[in-house]
Amino acid sequence: MSELFPRKQVMGFLFSLLLTAVALAVYFFDMSYAAGMTILLVTAFVQAGLQLVVFMHAGETKDKGAIYTNVYYGVFIALVTIFGTLLCMIWGYV
Amino acid sequence: MKIDHSLPLEYSTEENRLKVLGFWIFLGAEIMLFATLFASYFTLVNRTGNGPAGADIFEITPVLMETIVLLTSSFTIGLGVHAMRLRNKKAMLSFFAVTLLLGAGFLAVEISEFVHYVHIGAGLQTSAFTSILLTTLGTHGAHVTLGIFWGLFIMLQVKQRGLTPETANKSFIFSLYWHFLDVVWIFIFSFIYLKGMM
């Protein structure tokens, strides 16, 4: 039975619950916007990385390079889209 | 078809390996899809008009339930793939079943949340904020709904045909999709709900 619960994945799961608990701090404690956003950015991206490496087996085959390049490219375009939009729609640099 | 027995079943042919790579490329496109939704959300989050703001309508209990249920389902499908690699079909199908049940539980909470929003006057047409909120949440929820049916059909195939290179490959790709939905939810949880309630 225990072979069905590999240590790596159990630890990954516990760590993801811990990250969720840390992120909840921004709700339960009074803190500045900057401090709250820093906590959320760190916990969200660590959580995403954890899923990618522990659960999605991203680095397992010889396609590792292609898979990571593709993910980084997707994330890069995502960040450019989001921050580009913020830059011209919210922060006012038209 | 050349089968390499040194690799896990889902990668055992070149076609299978390339299908996994192809699915990662699809997930790259999905990242960008959700990025456009988040970009619109951050632009419109303060355009509440006469409607409520996020802080007025978000409640921590259902959001936390959804998060824990989805995180757990991401864990159980990971265990399902692990069991598949041990060629334990029964354990694999059980883990997949638990995953899909948790997915259904997530959807139940989300649907009741949507009903609640509409009930308190935060429908799709109330303000720019509520419309992008419900569009972003709804796009994720639609993905979960699709995933539940997809997973169900995969389970049926594994049950009927057993663990072959094809069914193992399909199951593994489905697990990638499911983990990805969990990743998207983490960003919704952090940057829509928690940021809104901060």
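Regarding the environment of B:Gly147
All names here are of chain B. If you trace the backbone, Gly147 turns up in helix H5 (residues 128-161). Overall, the presence of 21 C-beta atoms within 10 Å leaves Gly147 in the buried class. Once the C-alpha coordinates of Gly147 and Gly103 are considered, the two residues, 44 residues apart in sequence, prove to be 8.4 Å apart. Beyond its immediate sequence surroundings of up to four residues, Gly147 is in contact with Gly103, Tyr177, Trp178 and Leu181.

With respect to the packing of helix H1 (residues 7-28) of chain A against helix H3 (residues 60-85) of chain B
How two helices sit against one another is set out by the angle between their axes and by the gap between those axes. Interhelical geometry of H1(A) versus H3(B) gives an angle of 165° and a closest axis separation of 10 Å. It follows from the interaxial angle that H1(A) and H3(B) lie roughly antiparallel. When you trace H1(A) past H3(B), the crossing you get is right-handed. Here A:Gln9, A:Phe13, A:Ser16, A:Leu17, A:Thr20 and A:Tyr27 of H1(A) come into contact with H3(B), specifically with B:Ile60, B:Thr67, B:Leu71, B:Phe75, B:Gly78, B:Leu79 and B:His82. In terms of residue class, the contact of H1(A) with H3(B) is built from seven nonpolar, six polar and no charged.

Describing the interface of chain B and chain A
With 37 residues of chain B in contact, the opposing surface of chain A contributes 38 residues. Within the residue set of the side of chain B that touches chain A, elements represented by two or more residues are helix H1 (14-44), H3 and helix H6 (165-197) of chain B. Here the side of chain B that touches chain A takes 13 residues from H1(B), the largest share from any one element. Of the residues that constitute the side of chain B that touches chain A, the class distribution is 25 nonpolar, nine polar and three charged.

Definitions and cut-offs
- Residues numbered from 1 in each chain as written.
- Chains lettered and ligands numbered in written order.
- Predicted model: local features only at pLDDT ≥ 70, side-chain atom pairs only at ≥ 80, totals over all residues.
- Helix = DSSP H or I, 4+ residues; strand = E, 2+ residues; numbered from the N terminus.
- Buried ≥ 20, exposed ≤ 12 C-beta atoms within 10 Å, placed from the backbone.
- Contact = placed C-beta atoms within 7 Å.
- Axes fitted to C-alpha atoms, helices over the stretch in contact; angles between N-to-C directions.
- Parallel < 35°, antiparallel > 145°, perpendicular 65-115°, else oblique.
- Left-handed = near helix turned anticlockwise from the far one by under 90°.
- Nonpolar A, V, L, I, M, F, W, Y, C, P; charged D, E, K, R; others polar.

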